[in-house]
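Structural overview
Below, each chain spelled out in residue letters.
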Amino acid sequence: MAEIIQERIEDRLPELEQLERIGLFSHAEIKAIIKKASDLEYKIQRRALFKEDFINYVQYEINLLELIQRRRTRIGYSFKKDEIENSIVHRVQGVFRRASAKWKDDVQLWLSYIVFCKKWATKAQLSKVFSAMLAIHSNKPALWIMAAKWEMEDRLSSESARQLFLRALRFHPECPKLYQEYFRMELMHTEKLRKEKEEFEKAKMDVGNLDYPEEILKGELARIIYKNSVNIIKGAEFHVSLLTIAQLFDFAKDLQREIYDDLQALHTDDPLTWDYVARRELEIESQPEGEQPATKQARAVEVGRKEERCCAVYEEAVKTLPTEAMWKCYITFCLERFTKKTSSQFLREKRLERTMMAFRKAHELRLLPEFQYKQWIELLLHHNFLKEALEVAVAGTESFRDSVTMWQMKLQVLIDSESPDVAVLFEEAFAHLKAQICLPLWISWAEWSEGAKSQEDTEAIFKKALSAVKGADSVTLKDKYLDWAYRSGGYKKARAVFKSLQESRPFSVDFFRKIIQFEKEQESCKMVNLREYYERALREFGSVDSDLWMDYIKEELNHPLGRPENCGQIYWRAMKMLQGESAEAFVAKHAMHQAGHL
């Protein structure tokens, strides 16, 4: 092995001598490079190989290349690149080849190889890397697309890109993304040809001998891909995706029209088709070009007309396709337009009216999903329509009796309405819902009670909640209970609540940190109490939380009644309890803290 390393170091000598001779590096720097290179070579030549050693080798060489570039720029010297940079690039490629041969399945390694070649190697070399990667990772469509895009955009070879897409489709004949990108590539190729022909014609050059078939210039290749792909991949979503791509190219109006007509003919029973057709009305201008509305009011009227046309399509859609999914599309559109900012009062009122109407119709047909009941109630509350909000909330809880969200919305309406029936409705909700999903309701009840009821009532709710909610969900309740106790009754009340809960596992670290913070906020902060809180916290989290141990040590050091002599014992207890990374983090923090006090 020593002979191999020596040989590889000797192979470097010509480039290193050149670097020193032309003044890019000093003699001392060259010696340092040789020493570092020897260490790196040893690690990638030994019997037990590790991927990290290859990555470190490559990264060192890349850093060296970039440093050479910077120094060349600084002294203005651009010669001898073949003997210096190209030699390094060739060596790095060899290391990448070895690594990618050993760890074939590591896609990230291949991508690093490609990134390096894009910056430092020739296009022909990169093309070979893509071929080698795809021979192993032919099952990943994204890699085929990456290679084809590079051939098209960087190498300017649409034929190579086309061949890659065709090979990819043999492996993945039902991959929508491949068809979409292949379709886009052919349209880009056609656009490029059209621009070339246009430039030649402007220059009054004879294009008769050049290959510009009329069918290709019209996008016939893209049309063939479209026809083939929609026969294989069914559904309006894919159809719409191709239409969206075609609309990026102005010359493809005929193709756009054909795809649009096919969409309407083939997918009339898909809500996505109707949604697309309706939204398209926003893009169609009512006025001829050059006669666009000049004033803000006229523009608002024009936008209103477009939205009316969209809604007319949606109205037809929900009659033809009366499904929950179709109504969802309609209402989503109305909400999007309603939330769009406008200075026109007329437009705002029209959008609100239209949205409310859509919600009501879907509700009457029992085709409104749960999340849209929530949207409707929030909209009503925002505009202070409390009576209608309550009616909708009642209907929502009747339709979705097992939904915590619906009960929460109904309670929110009653709270906003200052109804006397809030407490009764909370009880009713708990009777209908499963105990394990009621945590949000208990928190809402406690928060409402804090503002509306006495301390005794609120505490009774917390206690009732803790008896009903078990396991991990109770952690949040305990934190909320402790916060409320401190807000409402100060430290004395908070300590009493802490004492009552201190054996009721599970806890969060925050539960203990809160009581520690409350103690520290008191004028007479007692170290004996802090020790009690830290000890209880460490009993629960001492094996995983290095910060708790560190804070305990700081407390003993900094508190007027602290005992610095306890710190050594706390340190060794921490070292016994903490494991793995937590122990390492603790040692590092402790060392930094000690260094700061020297």
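Above this text is the structure in question.
Residues numbered from 1 in each chain as written. Predicted model: local features only at pLDDT ≥ 70, side-chain atom pairs only at ≥ 80, totals over all residues. Heavy atoms only, no water.

So, on to the overall build of the protein chain. Summing up its helical and strand segments, the protein chain has 29 helices and zero strands in all. Scaling as 2.2 N^0.38, a compact globule of 598 residues should have a C-alpha radius of gyration of about 25 Å, whereas the protein chain reaches 36 Å, well beyond that. Its C-alpha atoms put the protein chain at 90 × 80 × 45 Å along the principal axes. A burial count over the protein chain gives 45% of its 598 residues as buried. For the protein chain, contacts bridging at least 24 residues in sequence account for 60% of all contacts bridging at least 6. Carbon and sulfur atoms make up 52% of the accessible area of the protein chain, which amounts to about 32,600 Å² in all. Separation between the mean location of the 93 positive side-chain charges and that of the 95 negative ones in the protein chain comes to 3 Å. (Helix = DSSP H or I, 4+ residues; strand = E, 2+ residues; numbered from the N terminus. Rg over C-alpha atoms; globule rule 2.2 N^0.38 Å. Buried < 20%, exposed > 50% of the residue type's maximum accessible area, 1.4 Å probe, protein only. Contact = heavy atoms within 4.5 Å. Areas by Shrake-Rupley, 256 points an atom, 1.4 Å probe, with all protein chains shown as cover. Lys, Arg positive; Asp, Glu negative; His and termini not counted. Charge placed at Lys NZ, Arg CZ, Asp CG, Glu CD.)

As enumerated under the stated definition, the model contains 35 aromatic pairs in all. Seen from their ring centres, Y314 and Y330 are 5.1 Å apart, and the 10° between their planes marks the pair as stacked. With Y314 in helix α15 (residues 296-320) and Y330 in helix α16 (residues 324-339), the pair connects residues that are 16 residues apart, well separated along the chain. Its relative accessible area of 0% is what places Y314 among the buried residues. Ring-pair connections join several aromatic residues into one group, and the members of that group are F498, F507, F511, F512, Y533 and F541. Above the ring of F25, the side-chain terminus of R71 is found at 4.5 Å from the ring centroid. The positively charged end of R280 is found above the aromatic ring belonging to Y260, 3.8 Å away from the centroid. (Phe/Tyr/Trp six-rings, centres within 6.5 Å; stacked < 30°, edge-to-face > 60°. Lys NZ or Arg CZ within 6 Å of the ring centre and 35° of its normal.)

Helix length check: helix α11 (residues 220-232) (13 residues) gives 19 Å between terminal C-alpha atoms against 18 Å at 1.5 Å per residue, within 8%. Of the residues making up α11, those classed as buried are A222, I225, Y226, S229 and V230. Buried residues in α11, looked at end-on, bunch into an arc of 120°, giving them a common side. (Expected span 1.5 Å × (residues − 1). Arc of directions from axis to C-beta.)

On to unusual backbone geometry, then. Following R505, the chain continues into P506 via a peptide bond in cis, with omega recorded as 0°. By secondary structure assignment, the location of P506 is in the loop between α24 (473-501) and α25 (509-520). In this structure, R366 is a non-glycine residue whose phi angle is positive, near 55°. For R366, the location among the structural elements is in the loop between α17 (345-364) and α18 (370-382).

Okay, the nonpolar core next. Ranked by internal contacts, the top residues of the largest apolar core, which has 117 residues, are F116, F183 and L187. Sorting elements by how many residues they give to this core places α16 first, with nine residues. Setting aside residues up to four positions removed in sequence, F183 forms contacts with A222, I225, Y226, L242, I245, A246, L255 and I259. Ranked by size, the runner-up nonpolar core spans 60 residues in total, among them L411, L425, Y491 and Y552. (Core = buried A, V, L, I, M, F, W, Y, C linked by side-chain atoms within 4.5 Å.)

Moving on, we come to helix α20 (residues 404-416). Under the 1.5 Å per step criterion, the end-to-end length of α20 is 18 Å for 13 residues, consistent within 8% with the ideal 18 Å. By the burial criterion, the buried members of α20 are V404, M406, W407, M409, K410, L411, V413 and L414. Of the surrounding elements, those touching the buried residues of α20 are α18, α19 (386-399), α21 (422-432) and α22 (439-452). Between the side-chain oxygen of the N-cap and the backbone nitrogen of T405 there are 3.3 Å, and the N-cap of α20 in question is S403. E418 sits one or two positions beyond α20 and adopts a positive phi of about 55°. (Polar contact = N/O pair within 3.5 Å; in protein donor to acceptor, adjacent residues only side chain to side chain.)

To continue, consider the pattern of salt bridges. On inspection of all chains with the given rule, the structure shows 51 salt bridges. Here K350 makes a salt bridge to E308, at a shortest N to O gap of 3.8 Å. Here K350, found in helix α17, pairs with E308, found in helix α15; they are 42 residues apart in sequence, far enough to count as distant. (Salt bridge = Lys/Arg side-chain N within 4 Å of Asp/Glu carboxyl O.)

Function cannot be inferred from these measures alone, as they are strictly geometric.
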